[in-house]
Amino acid sequence: KYSFTAGRLKGLTVGAGGRYVGPTEGATHQTIFDIHMPSYTIYDLSLGYTGQVLGQKVSVSVVAENLANHIYLQGQNNVFADPRKIYFNAAIRF
């Protein structure tokens, strides 16, 4: 995450991240199932701005999780993970 503190981009924040999970054995209690989960990488991105608009303090941000909308199984119960999520936040402080 990086926030610009001077110049034309002052108040802008840009963030990016990723999560890598290597190959694992699938979670099952039955030894007859030989399930192996492949590795996967998930990317996230965020953009935000904090500043003044018409004399009011304003902050807005957009966050995208699982940006590529990758389909994968996760956790001990091998459940499908959430698809891409996009959040928009805005605040005005009086």
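Report on the accompanying structure. What you see is a predicted model; the values in this text were computed from it and never measured. (Residues numbered from 1 in each chain as written. Predicted model: local features only at pLDDT ≥ 70, side-chain atom pairs only at ≥ 80, totals over all residues. Heavy atoms only, no water.)

### So, the overall build of the protein chain
Along its length, the protein chain carries zero helices and nine strands. For the protein chain, the succession of helices and strands along the chain, N to C, is β-β-β-β-β-β-β-β-β. A burial count over the protein chain gives 19% of its 94 residues as buried. Within the protein chain, contacts between residues at least 6 apart in sequence are counted, and of these 43% link residues at least 24 apart. Within the structure as shown, the protein chain displays about 7,400 Å² of accessible surface, and the carbon and sulfur contribution to it stands at 58%. (Helix = DSSP H or I, 4+ residues; strand = E, 2+ residues; numbered from the N terminus. Buried < 20%, exposed > 50% of the residue type's maximum accessible area, 1.4 Å probe, protein only. Contact = heavy atoms within 4.5 Å. Areas by Shrake-Rupley, 256 points an atom, 1.4 Å probe, with all protein chains shown as cover.)

### So, the side chain of D44
Looking at where D44 falls in the secondary structure, it is placed in strand 5 (residues 40–53). Within polar-contact distance, the side chain of D44 engages the side chain of R19 at 2.5 Å. Leave out the neighbours within four places in its chain, and D44 touches G15, A16, G17, R19, A64, E65 and N66. (Polar contact = N/O pair within 3.5 Å; in protein donor to acceptor, adjacent residues only side chain to side chain.)

### Here's the deal with the sheet that holds strand 5
Reading across from one edge, 1-2-5-6-9 is the order of the five strands in this open sheet, with antiparallel pairing throughout. Sheet topology places strand 1 (2–3) and strand 9 (85–93) at the edges, where each strand pairs with a single neighbour. Note that strand 5 and strand 6 (residues 56–65) share nine bridges and pair antiparallel. Bridging across to strand 6, G51 finds its partner in V58. (Pairing = 2+ DSSP bridges.)

### Considering the pattern of salt bridges
Taken as a whole, this structure holds two salt bridges when the rule is applied. The salt bridge partner of R19 is D44, with a shortest N-O separation of 2.5 Å. Highlighted residues: R19 in strand 2 (residues 12–21) and D44 in strand 5, separated in sequence by 25 residues. Take R19: its relative accessible area is 39%, and that puts it in the partly exposed class. Residue classification places D44 among the buried residues on the basis of a relative accessible area of 18%. We note a salt bridge from D82 to K85, for which the minimum N-O separation is 2.9 Å. The exposure class assigned to D82 is partly exposed, which follows from its relative accessible area of 45%. (Salt bridge = Lys/Arg side-chain N within 4 Å of Asp/Glu carboxyl O.)

### Some thoughts on the side chain of N66
Relative to the assigned elements, N66 resides in the loop between strand 6 and strand 7 (73–74). A polar side-chain atom of N66 sits 3.2 Å from the main-chain carbonyl oxygen of D82. When neighbours within four sequence positions are excluded, N66 is seen to be in contact with I42, Y43, D44, Y72, D82, P83 and R84.

Note that all results are geometric; they support no functional claim without further evidence.
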